Amino acid sequence: MLTNKHILLGITGSIAAYKSAELARLLIKKGARVTVVMTQGAKEFITPLTFATLTGKPVADQLWLNRDAASSNIAHINLTREADALIIAPCTANVAAKIAQGIADDLLTNLALARDQKRCALAIAPAMNVEMWRNRATVRNMAQLAQDGVSIFGPASGDQACGEFGDGRMLEPQDCLTLIEALMTPKVLQGQHVLITAGPTFEAIDPVRGITNRSSGKMGYALAKAAAAAGAHVTLIAGPTALANPINVHTIKVESAAQMLQACLHHAQQANVFIGVAAVADWRVSDIAPHKIKKQHAQDVPTLQFEQTADILHTIAQQEKPPYCVGFAAETENLLEFAQAKRLKKGIPLLIANHGPSTFGADENQVTLIDDTGSHALAQQPKHQLAASLIQEIAKRLPA
Ligand code: CTP
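What comes next concerns the included structure.

Cut-off values and rules
- Residues numbered from 1 in each chain as written.
- Predicted model: local features only at pLDDT ≥ 70, side-chain atom pairs only at ≥ 80, totals over all residues.
- Heavy atoms only, no water.
- Axes fitted to C-alpha atoms, helices over the stretch in contact; angles between N-to-C directions.
- Helix = DSSP H or I, 4+ residues; strand = E, 2+ residues; numbered from the N terminus.
- Parallel < 35°, antiparallel > 145°, perpendicular 65-115°, else oblique.
- Left-handed = near helix turned anticlockwise from the far one by under 90°.
- Contact = heavy atoms within 4.5 Å.
- Nonpolar A, V, L, I, M, F, W, Y, C, P; charged D, E, K, R; others polar.
- Patch = residues over 30% accessible without salt bridge, like charges linked within 9 Å, V, L, I, M, F, W, Y side chains within 5 Å.
- Areas by Shrake-Rupley, 256 points an atom, 1.4 Å probe, with all protein chains shown as cover.
- Salt bridge = Lys/Arg side-chain N within 4 Å of Asp/Glu carboxyl O.
- Pairing = 2+ DSSP bridges.

1. As for the packing of helix α9 (residues 218–229) against helix α14 (residues 383–397)
And step 1. With their axes 8 Å apart at the nearest point, α9 and α14 run at an angle of 55° to one another. The orientation of α9 relative to α14 falls into the category oblique. At the point where α9 passes α14, the crossing takes the right-handed sense. Here K218, M219, A222, L223, A226 and A227 of α9 lie close against α14, whose contacting residues are K383, H384, L386, A387, A388, L390 and I391.
And step 2. Considering only residue class, the contact of α9 with α14 consists of 10 nonpolar, one polar and two charged.

Structure (structure tokens):
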């Protein structure tokens, strides 16, 4: 979504300005062209050299530059005309107030006022003390900005630089990046409620041991982010993974297949779309030991009894009014044949097939879509990019 997009990254005078160095780096890594604009206050916290080095471009900070008559170069007009978005992160209470009132007294606030509102989105990531955040003036200004179509990222809650605690922390750079990508994403799932399972499950043997699998959860989490970016309300039911909860996604952590099923049944009624990405255990230990199994003699080897777990995808697909159900199938052989048979057995309209072991934990994946019209292979691509393509494919297939 960010490849070749031109982002104006506005930095204002907040201690959170250090986070913007990382944000600039993340945006560039995603293929965006970044021009940094700094207020006078921002330069008290971090130097323009940092951003010039990271972006490879001089920092814009002068409103009153000599105008180049030949090119009609007016910085506060030209910069926004070339930009796809103006992101102010961190945004102080003062700068937010000025933008809410249409005050333009430096380059950054001029850019906010002079941008073409249809072409150049404006988002702010507020950063301020908790009392400044809940001051009525700020509350009024934020409501005005939201009404004017400005996206407000966060803020987060937690320890503040001043020693106090509460709302007002700038979101972490990775979360800002996710929201910037969402800003640029067509809203093909606006108003839809998407339920997604992700990661492995963990089936206990005794209180300290269990059986799990090598699913990392990356594909399911990427789909959850992509669905949220496309405007959906997303609930993610995830088994044990090392991944951070995605912003703007309601994440519920579970361990076992039975817990995952319960959570899915609870949320399936509100869902229009169900995507089963989790590598759910097919069997669980039927007689979980209440205490740690001890090894008393050298020849002691426990015998485990297994029973099948419920098929979550099939269970959801069999409900009276099922959501549009999408399955994932990791196969090691006869991919298309096994996947088509699995789609019919599960009673679902769409199945996404991939090669089992090679995708686990990898950042890239190659999949084939299997529906009632046949199979359709997508190119190998990074999982986050693939997730965006899959969300578009799913949106195309949803009943009107
Ligand atoms: N699935 C599920 N509940 C299960 C097992 C699988 O919801 N108990 C879902 C997965 O999330 C995936 C799809 O079913 O979307 C296919 O999973 P897979 O493990 O490939 O298929 P299985 O039905 O387990 O069949 P097999 O292991 O025999 O290939």
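2. Quick word on a nonpolar patch on the surface
And step 1. A cluster of nonpolar side chains, I211, W283, I293, L304 and F306, forms an exposed patch at the surface whose accessible area comes to about 440 Å².
And step 2. Topologically, I293 is positioned in the loop between β14 (283–285) and β15 (306–308).

3. Quick notes on the sheet that holds strand β20 (residues 374–377)
And step 1. Spatially, β12-β11-β8-β13-β16-β17-β19-β20 is the arrangement adopted by the eight strands of the open sheet, whose pairing is mixed. On the outer flanks of this sheet lie β12 (249–253) and β20, each paired with one strand and no other. Each adjacent strand pair in this sheet contributes to an overall mean axis angle of 20°, direction not counted.
And step 2. Pairing geometry for strand β11 (residues 233–238) and β12, over five bridges, is parallel. When the bridges of β12 are listed, T235 appears paired with H250.
And step 3. α9 contacts β8 (193–198), β11, β12, β13 (273–276) and β16 (324–331) of the sheet and is inclined by roughly 170° relative to β11.

4. Some points on the sheet that holds strand β1 (residues 6–11)
And step 1. Within the open sheet, the five strands sit side by side as β2-β1-β3-β4-β5. Their pairing is parallel. Edge positions in the sheet fall to β2 (33–38) and β5 (151–152), since each has one partner strand and no second.
And step 2. Of the strands in this sheet, β3 (85–91) and β4 (121–126) touch helix α4 (residues 93–101), which is tilted by about 140° from β3.

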